[in-house]
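Each chain, written out:
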Amino acid sequence: MNIIFVEPSFPANQRRFVHALASVGANVYGIGETEEGHLDGELRGQLSGYYRVGSVTNVEQMVEAVRYFQDRVWIDGLEATVEAHTMPAAQVREATGIPGTSVRTTWLCRDKPSMKEALRQAGVPTAASAAVESATEAHEFADREGYPLILKPRAGAGAQGTVRVNDEHELLHALQGYAREGATSIAIEEFVEGHEGFYDTITVGGRVVHDWATHYYPNVLEAMRHRWISPQFITTNRIDDPGNYFYQEVRTLGHRVIEALGIETSATHMEWFYGPKGLKFSEIGARPPGVGAWDLYSAANEVDVYREWAHVITHGRPEQPMRRTYAAGIVALRPDHDGSVTGYTGIEEMQARHGDSIIDSHFPPVGHGTQSVEAGYMANAWVRVRHHDYDTARAVLDDIGQTIRMHAR
């Protein structure tokens, strides 16, 4: 199999995908923005060829690069794992005759109003939503659905640019913010009350061959707005429990979404809410999850999930089953101020109490600049843990979040 991989060197975890593809026998050809001479030796050794472009989101340049490789070898697939690269990759596949996720499916997995309209037509429970291009349309939606509401960029990943508005004044303020950023159309949605989590899969021909259910504590919008919170997410090892009807419902929802959107062979990342109105779909990406989630899944199952993805891409089937040995999670640690790191307290206590459960951790050194609360779960310090018991793993994450303090000025 000859596989083109988009942007193999940046961000750094992209190399994991290249290594995985090479490890299962694929010939990997990279297209990226970095000068070939600047690729590190290990990565360069895993690539059978490399073509530099000015931008991997420029379809014309990408088509030229793909055809360069097609003139030399038969190309079986073109893979992109970064959200912003998925649409150009789909357009290039269709332009060059390479099989894979279609432009239509990629569009539905990126444009939130279109995504939700397609799923409502398929009977999938989801929040009321619309694309709005003016304040008048936004206010009409608010009059029809009521507050609170969620506003989002039409395409994007995670909580970036997402705003909750509770009344007309906050709606107007948010719309002015989007206008200043040059947005001409945004997604507006009914606010769905409830607990938030995600359901991730690897699929082959539309069939789920690997899956994971993961929970946020607290929900993402709350976690990204308050410095004092040490937010976490944790993947369960109870998803295969036949008596756990909630995870059966999550799986059913996820499979219906995959079928309705026409996802064939791909990694997926689907967000959901569960509350007074039951289980509701939130959004999906036809790509792996971010924030090191696959690292947690690998540690929880004692299986290299990157290699499983590569085996599916290259051989059309999984290599190993998920073992569900552990629950595993991450807790993010925020600085008490923005600025430069001055030190930490509580690390020794954490190691003494929970050393056997710690997978790994990251503590930026003294003098290192901090990042904002909104920057995400791995923006500053973090600790990842695993435990055979889900509730114990949660308690460990809670204790670490309460014990360690990151100081800055």
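Refer to the structure presented above.
Report follows, based on the coordinates. (Residues numbered from 1 in each chain as written. Predicted model: local features only at pLDDT ≥ 70, side-chain atom pairs only at ≥ 80, totals over all residues. Heavy atoms only, no water.)

## Examining the nonpolar core
Counting 43 residues, the largest nonpolar core has Leu 21, Ile 202, Phe 233, Trp 294, Trp 309 and Tyr 377 as its most contacted members. Counting residues per element, this core draws most heavily on helix H12 (residues 305-315), at 6 residues. Apart from the residues lying within four places of it in its own chain, the contact partners of Trp 309 are Phe 5, Phe 17, Leu 21, Glu 79, Thr 81, Ile 202, Ala 267 and Trp 294. In terms of nonpolar packing, the next biggest core, distinct from the first, is built from 24 residues, Leu 108, Cys 109, Leu 119 and Val 257 among them. (Core = buried A, V, L, I, M, F, W, Y, C linked by side-chain atoms within 4.5 Å. Buried < 20%, exposed > 50% of the residue type's maximum accessible area, 1.4 Å probe, protein only. Helix = DSSP H or I, 4+ residues; strand = E, 2+ residues; numbered from the N terminus. Contact = heavy atoms within 4.5 Å.)

## Thoughts on the sheet that holds strand S3 (residues 47-52)
Across a sheet, paired strands are connected by hydrogen bonds in the backbone, their directions being either parallel or antiparallel. Here we have 4 strands laid out as an open sheet, ordered S3-S2-S1-S4, and parallel in their pairing. What marks the edges here is a single partner per strand, and that holds for S3 and strand S4 (77-79). Ignoring which end each strand starts from, the neighbouring axes of this sheet average 20° apart. Pairing of strand S1 (residues 2-6) with strand S2 (residues 27-32) involves 5 bridges; the strand directions are parallel. Considered in S2, the bridge of Phe 5 is made with Gly 30. (Pairing = 2+ DSSP bridges. Axes fitted to C-alpha atoms, helices over the stretch in contact; angles between N-to-C directions.)

## Examining the sheet that holds strand S6 (residues 149-153)
Taken in spatial order, the 4 strands make up an open sheet running S5-S8-S6-S7, and their pairing is antiparallel. With one partner strand each, in any of the chains shown, strand S5 (129-132) and strand S7 (163-165) form the two edges of the open sheet. For this sheet, the mean angle separating the axes of adjacent strands, direction not counted, is 25°.

## Things to note about a negative patch on the surface
A grouping of Glu 133, Glu 137, Glu 140, Asp 143, Asp 167 and Glu 168 is seen on the molecular surface, where their side chains present a negatively charged patch. Counting residues per element, the negative patch draws most heavily on helix H7 (residues 135-145), which supplies 3 residues. Here Glu 168 shows up in helix H8 (residues 168-180). With a relative accessible area of 53%, Glu 168 lands in the exposed category. (Patch = residues over 30% accessible without salt bridge, like charges linked within 9 Å, V, L, I, M, F, W, Y side chains within 5 Å. Areas by Shrake-Rupley, 256 points an atom, 1.4 Å probe, with all protein chains shown as cover. Salt bridge = Lys/Arg side-chain N within 4 Å of Asp/Glu carboxyl O. Lys, Arg positive; Asp, Glu negative; His and termini not counted. Charge placed at Lys NZ, Arg CZ, Asp CG, Glu CD.)

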